[in-house]
Structures are given as structure tokens and as C-alpha cells.
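# Examining the three-dimensional arrangement
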Amino acid sequence: MEEKKESLNFIEQIIEDDLSTGKHKQIITRFPPEPNGYLHIGHAKSICLNFGLKETFKGKTNLRFDDTNPSKEETEYVESIIEDIKWLGFEYDNLFYASDYFEQLFEWAVMLIKDGKAYVDEQTPEHISEQRTNPTINGIESPFRNRSIEENLKLFLEMKDGKYADGSMVLRAKVDMNSPNMHMRDPVMYRIMKKHHHRTGDKWCIYPMYDYAHGQSDYIEGITHSICTLEFEVHRPLYEWFLEQIDTTGKRPRQIEFARLNLSYTVMSKRKLLELVKNNYVNGWDDPRMPTISGFRRRGYTPDSIRNFADRIGVARRENMIDVGLLEFFIREDLNKKANRVMAILNPLKVIITNYPENKTEQLEAQNNPEDISAGSREVSFSREIYIEQDDFMEEAPNKFFRLKPGGEVRLRYGYFIKCNEIIKDNDGNITELHCTYDPESKGGQSPDGRKVKGTIHWVDSQTCIDAEVRLYDRLFVKENPEDTNENETYLDYLNPDSVRINTAKLEQSLLYAKPMERFQFERKGYFCVDKDSKQDKLIFNRIVTLKDSWTKIAGNE
RNA sequence: ACGCGAUUAGUUCAGAUGGAAGAACACAGGACUUUGACUCCUGAUGUCGGUAGUUCAAAUCUAUCAUCGCGUGCCA
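These numbers were taken from a predicted model, which means no experiment stands behind them.

## Some thoughts on the overall build of chain A
Counting secondary structure elements, chain A contains 13 helices and 25 strands. Principal axes of the C-alpha set define a box for chain A whose edges measure 100 × 60 × 45 Å. For chain A, the residues scored as buried account for 52% of the 558 residues in total. Relative to all contacts within chain A whose residues are 6 or more apart in sequence, the contacts with residues 24 or more apart total 71%. Side-chain charges in chain A split into 79 positive and 94 negative, and the spacing between the mean points of these groups amounts to 2 Å.

This is how it looks when you write it as C-alpha cells:
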């Protein structure tokens with residue numbers, strides 16, 4: 001029984017107080033995406049927060065689609081959002097749509113009119129905006145603000161019945177035209193929009209605005225803590241105003257704001273993400289370079305790594321920019337325990353072992369995962385011709401380079417010691433082949449004479465290895481904060497021209513049956529995931545992340 | 001300009017009722033190693049945004065200033 005008493009974040013603190021004072025017996029949170037795009041890692045933070053609260057306080061969490069604007073919403077997005085939440089490993093207690101409440105919302109709007117707290121305004125959007133003026137001075141009341149309840153009622157019903165054109169009038173709440181908070185200057189509650197809705201079809205031609213719909217929806221569902229991001233902070237007084245109009249019990253949901261996630265070297269706004277997809281800067285929402293949940297999934301990230309990440313970055317009200325390196329830390333940590341090791345050569349260099357018999361092949365035992373003995377072992381074949389990594393040979397090597405060099409000896413992982421004797425080059429001076437000799441006594445990687453060989457490199461047998469496409473991904477942007485632009489530039493100017501490199505790699509034979517979404521560690525190279533489009537006759541691997549590499553640092557310092 | 005909010009190590013966050021500044025990642029050094037990975041040791045870094053005040057005692061309370069963010073859609 002591990003009782004690790006971590007300190008509570010400010011939201012957990014609030015909830016614990018509410019529970020201990022008896023304000024609530026059980027909490028209910030909600031995750032309320034608008035189905036107008038794919039979920040990204042910022043949403044993952046919110047999901048982990050809301051569903052995490054449910055788990056730690058034994059409450060409930062609803063998934064509610066905030067589908068009050070039919071001009072932007074599609075069922076495709078609804079499905080992807082559900083899939084992403086499930087993939088992260090969370091289960092919602094109820095699936096709701098704001099559109100489920102259109103009838104109730106309408107009735108409450110009628111009630112507000114009858115109370116003299118809402119009116120139909122026939123002015124243009126421009127006019128309404130002008131009258132709101134600015135926060136430093138009082139606003140100007142609409143000429144329609146004080147028309148009779150009967151007239152408002154009649155007009156609103158006619159709006160609902162489709163008698164008026166889009167944009168010709170709106171229903172406004174009568175709040176306070178002099179408030180320093182612009183959201184309180186008679187906000188729009190309903191607009192006319194003759195659009196087909198993905199769920200209600202053509203039943204409605206008036207649709208509620210976020211500010212009106214959101215709090216009331218929370219109320220209907222009995223949400224206790226309505227958690228949203230900081231930019232809604234200034235909406236809170238209005239959220240409460242609308243609730244006051246319908247609630248007599250005093251048991252109202254409470255809106256709490258936290259700082260959204262910003263990740264370095266990427267963008268997070270739906271608009272920009274959509275633009276990247278629409279203009280083919282990436283190959284779809286699930287492109288492995290995208291910060292979407294589906295992108296991370298395809299890239300090979302595990303749900304655990306993302307959840308651990310979300311837990312670690314915490315929840316606060318401070319603006320933040322999280323280093324993408326932290327996410328990489330969590331995926332390495334997770335896969336180090338889970339991923340089987342295999343050998344693969346990303347940039348092949350042929351090596352001929354001149355003293356090894358021509359037609360001989362032998363099987364060497366290789367461990368699948370040193371971190372997990374139960375993963376067992378496998379056999380890898382070895383013969384006279386093998387491939388090694390081009391990087392693992394240097395003709396003129398610095399002192400600290402302990403891989404293969406002329407006259408030097410190196411260990412082939414699970415295999416023999418080999419020594420390089422001859423370098424074969426083409427007419428342009430490029431190295432095409434190495435001739436080496438092996439020490440037959442060193443099978444398995446140890447020599448009976450006990451001599452030390454510092455370097456161990458990976459390799460594959462040229463007889464049995466298989467070719468595969470390997471996609472080497474790098475960050476999508478070259479700038480830490482691509483949204484921080486200079487004059488005449490946009491975030492697109494910071495796209496990394498080298499964010500993916502495609503290699504034909506040589507893989508050990510055991511990978512022939514690798515299935516889509518299976519993850520491996522290519523020893524000394526990184527973690528890789530079989531792409532969802534991979535086939536047995538055309539294998540495709542995505543690089544999830546490289547291994548930590550202290551060699552490039554050492555080399556860089558020389 | 002006005003309103004609201006934020007400010008603790010390089011970064012993200014902890015620091016109830018005021019009582020000797022903490023964690024993780026990153027970084028540096030070392031041990032181990034058939035992955036220059038992993039693991040394990042060790043280490044450095046903070047005028048707790050500034051100033052003034054209350055107090056025996058302030059990161060914590062008060063005032064004030066500064067800086068940054070958000071808000072003036074019939075988007076969410």
C-alpha cells in the first residue's frame with residue numbers, strides 16, 4: 001500500500017474543501033470540446049485533469065460536445081474525439097451534446113424575456129459593437145433595449161420559426177451596459193443561423209451562444225466543477241449571471257480556470273493546425289509530426305507517456321511553455337521498460353568478414369529486453385557479409401571514438417570481435433565497403449584472453465536482412481515559439497524543412513512479422529513504431545524518438 | 001486607457017494555520033555497462049519580480065510600483 005501524499009494542486013484543494021465541508025457529496029466534471037477539429041496535446045492535459053479528478057475523488061466525468069455552432073462542426077470530429085479519449089484510457093460516465101439541451105435552453109430564454117431580462121435587438125453587428133464602446137467609458141443602450149415583453153416574445157418566437165434572415169436580429173441578455181467587463185454589456189444569447197446541424201438537422205434556425213449555453217448545460221448535468229482555460233476567466237461573471245437566473249437552490253456549478261499547455265517547437269491553435277492540414281504542410285491530422293493526440297498515437301507515443309507527462313507538468317494559473325524534451329523523456333522512460341530491442345541499420349555500410357567461411361550462416365542468441373527478462377530471447381543470423389551503420393566507422397577517428405576504425409577492434413552486438421583491415425572506396429572517394437577479420441574465439445562477445453573491447457556496435461546479416469522504409473521525424477518547427485513572429489513573418493516561416501527524412505533501412509529478419517502500431521527499440525538508434533499503413537511486403541517504421549546521445553555532445557566538444 | 005489574472009532554480013511545479021528555500025526534467029562530474037542507452041551516486045544554480053510596511057519572525061499578511069498575459073465576435 002503506497003500512500004504517497006503528493007501535495008494537491010489548487011483545483012484539487014478546492015474540491016477537497018467542497019467535499020469536506022459537505023458542499024458536495026460527489027463531484028462531477030466534464031470535458032466539453034467543440035467538434036470542430038482534432039484533439040491536441042493541450043486537450044490531453046484538460047482530459048487528464050478532468051478525468052483525473054474523477055478518479056482521485058471517486059466522482060464522475062461527462063463528455064459533452066459543445067455543438068452550438070453548426071457552421072464549423074462535423075461528425076468526423078465527434079468520432080475522432082471519442083477515439084482519442086478512449087485511447088488515452090479514460091471512460092466517460094455520460095456522453096452528451098449541448099444540442100440535447102436546445103429545447104430547455106429555449107424555454108429558459110423565454111423565461112428571461114418574460115422576466116424583462118432579455119430583448120430582441122434588430123441592429124447590425126457593427127452597430128451593436130459600436131454601442132458597447134470600450135471598457136473605459138459607459139456603453140450606449142440599444143434603442144430596442146426597452147421594448148415590451150410582448151413584442152420581445154413575439155419577435156423571438158418568430159425568429160425561432162424562421163421568419164427572419166440570418167443576422168437580421170439577435171436575442172440579447174439585459175445585463176449591464178456600463179460594466180468594465182465587456183462580456184457583461186448585454187451579450188448575445190441567440191443568433192439566427194439557417195444551417196444544418198449535425199444532430200438536430202434543420203429543426204432549429206436559432207442557435208445559443210457559448211456564454212449562454214455553457215453554464216446552463218453544466219447546470220443541467222449537475223456539474224460541480226466546470227474547469228476551463230484562462231481565457232474564459234473574464235466570462236465567469238456572465239457564467240454566474242446566467243446561472244442566477246435559473247437557479248434557486250444555490251447549488252450551482254463553479255467555473256475554475258487553469259493555464260493551457262504550450263509546447264515548445266509546435267503550435268497549438270486549432271486554426272493553425274487546420275491550416276497545416278488543409279495546405280498540406282503535413283499529411284493529415286494524424287501526421288506523426290502533429291501535436292494532435294492522433295499524431296502522437298501514430299508516431300508511436302503510448303497513452304501512459306502522455307498521461308505521465310500531463311501529471312508531471314501540473315496544473316496552475318501561470319502561463320507556461322513546456323519543453324518538448326520533457327515529453328520525450330516520458331516516452332523514453334515508458335518504452336525503455338516495454339519495447340523489445342532489435343537491430344536495424346538506418347544508413348548501411350557493407351562489411352565483409354574475409355576470414356569467415358563463404359557459405360556459412362550461424363544463429364546467435366540475442367536478448368529481447370534487458371529491462372525485462374520475461375521478454376526472452378531470439379536468434380539472429382550471422383554470416384560473412386553484414387551491414388553496419390555508416391556512423392560507426394571513421395577513417396580518421398578522434399581519440400574518444402571507440403567504434404570501428406582502421407586497425408581497431410570492435411564488438412558486434414551478440415556476435416564477435418572484428419577488426420578493420422581494408423577500406424574500399426569508389427572513384428569519388430566514398431567508402432563503399434570494409435574488409436574486416438573476426439576473432440572466432442570471441443563468439444557471444446567475449447574473448448577467452450580477457451582482452452577489453454570498448455565499443456559495441458549493432459549490425460544485420462546481409463543474407464537475411466529485410467528492407468523497410470523508415471521515417472525519421474524531427475520537430476515541425478525550428479523556433480521554440482513559432483507564434484512569436486517578427487514583422488512580415490508568420491509561424492509558417494519557421495517550419496522545419498527537414499522535419500522528416502525517409503531512409504531505406506536494413507532490418508533484422510525477425511521484424512518481418514511486425515504489426516502496425518508495434519513498438520521497438522532499434523538498438524543504439526531510438527524507439528520506432530510500425531506505421532498504420534505498413535504491410536508485410538512494404539514495411540514502414542516511424543521514429544518516435546531517438547535514444548539519448550551523449551556521443552554527439554562529446555564529438556561536438558572536440 | 002479600463003477591468004481581470006499571473007510573477008518561487010534554465011524549464012515546469014510544491015511550498016495548510018507566517019517559524020532555517022524543495023521536487024522533476026535539463027545541465028556538470030563519477031560508477032556500472034556486450035546499447036556512448038538504462039541504472040546508480042555526487043554536484044551547481046535562486047537578492048521567492050521591486051520597494052515600503054505589520055511582526056520576535058514574511059515566499060506566505062498589507063500597500064504600492066513594475067513586467068507579462070487575457071478581455072472590446074451574431075466563435076468556442
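Here the narrative resumes, following the displayed structure.
## Focus: the confidence of the model for chain A
Detailed conclusions should not be drawn from predicted coordinates in areas where pLDDT is low. The predicted model of chain A averages 95 in pLDDT, with 99% of residues at 70 or higher. Every residue in residues 1-5 is under pLDDT 50, and counting partners more than four places away or in other chains gives zero contacts. Scored by ipTM, the complex comes to 0.93, with pTM at 0.95.

## Some thoughts on the protein's contact with RNA strand B
Taken together, the neighbourhood of RNA strand B is formed by 67 residues, with Ser7, Arg132, Arg318, Arg341 and Gly444 sitting nearest. Each atom of RNA strand B within 4 Å of the protein was assigned to sugar, phosphate or base; sugar and phosphate come to 64%. Between RNA strand B and leucine 8 there is a distance of 3.5 Å, counted from a phosphate oxygen to a backbone nitrogen or oxygen. Listing elements by their share of the surface near RNA strand B, those giving two or more residues are helix 5 (125-132), strand 6 (188-192), helix 11 (303-313), helix 12 (324-338) and helix 13 (551-557). Among the residues making up the surface near RNA strand B, the classes are represented as 27 nonpolar, 19 polar and 21 charged.

## A closer look at the sheet that holds strand 3 (residues 94-97)
Pairing within the open sheet is parallel, and its three strands lie in the order 1-2-3. For this open sheet the edge positions go to strand 1 (28-31) and strand 3, each flanked by a neighbour on one side alone. For this sheet, the mean angle separating the axes of adjacent strands, direction not counted, is 30°. In this sheet, strand 2 (residues 60-65) lies alongside strand 1 in parallel orientation, the contact comprising four bridges. Residue arginine 30 lies in a different strand from strand 2, and its bridge partner there is asparagine 62. The sheet contacts of helix 2 (residues 41-56) involve strand 1 and strand 2, and relative to strand 1 the element is tilted by about 160°. Contacts between helix 7 (residues 210-221) and the sheet are confined to strand 1, strand 2 and strand 3, with strand 2 contributing the most and set at about 140° to the helix.

## Remarks on the state of the cysteines
Applying the stated criterion to the full structure yields zero disulfides. Free of any disulfide, cysteine 465 has its nearest neighbouring cysteine sulfur in cysteine 436, separated by 17 Å.

## Concerning the domain arrangement of chain A
What the domain assignment lists for chain A is domain 1 (2-260), domain 2 (270-339 + 468-556) and domain 3 (344-458). Opposite the 30 residues of domain 1 that make contact, domain 2 presents 26 residues. Of the roughly 2400 Å² buried between domain 1 and domain 2, counting both surfaces, carbon and sulfur atoms make up 64%. Summed over the three residues of domain 1 that lose the most area to domain 2, namely Tyr38, Ile41 and Trp87, the buried surface amounts to 30% of that side. At the junction of domain 1 with domain 2, the criterion picks out five salt bridges.

## Brief notes about helix 2
Given 3.6 residues to a turn, an α-helix orients residues that are three or four positions apart in the same direction. With 16 residues, helix 2 should cover 22 Å at 1.5 Å per step; its first-to-last C-alpha distance of 22 Å lies within 8% of that length. Of all 16 residues in helix 2, 14 are buried; the element is thus mostly enclosed. Once helix 2 finishes, lysine 58 follows within two positions and takes phi at roughly 50°, a positive value.

## A closer look at the nonpolar core
Grouped together as the largest cluster of nonpolar side chains are 38 residues, with contacts concentrated most on Ile41, Ile47, Ile85 and Phe309. Going through the elements one at a time, helix 2, strand 2, helix 3 (75-87), helix 10 (293-299), helix 11, helix 12, strand 24 (526-530) and strand 25 (540-546) are the ones with two or more residues in this core. Beyond its immediate stretch of four places on either side in the chain, isoleucine 41 contacts Leu261, Leu263, Met268, Pro291, Ile293, Phe296, Ile306, Phe309 and Leu327.

## Focus: the pairing of strand 6
Extensive coverage of strand 6 is indicated by the burial of five of its five residues. Of the pairings in the sheet, the one linking strand 5 (residues 170-173) to strand 6 comprises three bridges and is antiparallel in character. Within strand 6, the residue paired with leucine 171 across the bridge is tyrosine 190.

## Describing helix 4 (residues 102-114)
Between the first and last C-alpha of helix 4 there are 18 Å, a value that for 13 residues agrees with the 18 Å anticipated at 1.5 Å per step. Buried within helix 4 we find Phe102, Leu105, Phe106, Trp108, Ala109, Val110, Leu112 and Ile113. Note on helix 4: the residue one or two positions beyond its end, glycine 116, has a positive phi of about 75°.

## A word on the environment of tyrosine 164
In this fold, tyrosine 164 is placed in the loop between helix 6 (149-160) and strand 5. Overall, tyrosine 164 belongs to the buried group, its relative accessible area being 19%. Along the primary structure tyrosine 164 and methionine 193 are separated by 29 residues, whereas in three dimensions their C-alpha atoms are 9.9 Å apart.

## Focus on the packing of aromatic side chains
For the coordinates displayed, the defined rule picks out 28 aromatic pairs. Plain terms: the ring middles of phenylalanine 329 and phenylalanine 330 are 5.1 Å apart, the flat faces sit at 75° to each other, and that makes the pair edge-to-face. Under the relative-accessibility criterion, phenylalanine 329 is labelled partly exposed at 44%. Linked through ring pairs, Phe102, Phe106, Phe156, Tyr190, Trp204, Tyr207, Tyr212, Trp241 and Phe242 together constitute an aromatic cluster.

## Regarding unusual backbone geometry
Phi at lysine 58 takes a positive value of approximately 50°, unusual for a residue other than glycine. Within the fold, lysine 58 resides in the loop between helix 2 and strand 2. Although it is not a glycine, threonine 133 sits at a positive phi angle of roughly 50°. Checked against the element boundaries, threonine 133 lands in the loop between helix 5 and helix 6. Residue classification places threonine 133 among the partly exposed residues on the basis of a relative accessible area of 26%.

Criteria and thresholds
Residues numbered from 1 in each chain as written. Chains lettered and ligands numbered in written order. Predicted model: local features only at pLDDT ≥ 70, side-chain atom pairs only at ≥ 80, totals over all residues. Heavy atoms only, no water. Helix = DSSP H or I, 4+ residues; strand = E, 2+ residues; numbered from the N terminus. Buried < 20%, exposed > 50% of the residue type's maximum accessible area, 1.4 Å probe, protein only. Contact = heavy atoms within 4.5 Å. Lys, Arg positive; Asp, Glu negative; His and termini not counted. Charge placed at Lys NZ, Arg CZ, Asp CG, Glu CD. pLDDT = per-residue confidence, 0-100. Near = heavy atom within 4 Å. Polar contact = N/O pair within 3.5 Å; in protein donor to acceptor, adjacent residues only side chain to side chain. Nonpolar A, V, L, I, M, F, W, Y, C, P; charged D, E, K, R; others polar. Pairing = 2+ DSSP bridges. Axes fitted to C-alpha atoms, helices over the stretch in contact; angles between N-to-C directions. Disulfide = S-S within 2.5 Å. Domains from an automatic or database assignment. Buried area = accessible area lost by both parts, 1.4 Å probe. Salt bridge = Lys/Arg side-chain N within 4 Å of Asp/Glu carboxyl O. Expected span 1.5 Å × (residues − 1). Core = buried A, V, L, I, M, F, W, Y, C linked by side-chain atoms within 4.5 Å. Phe/Tyr/Trp six-rings, centres within 6.5 Å; stacked < 30°, edge-to-face > 60°.

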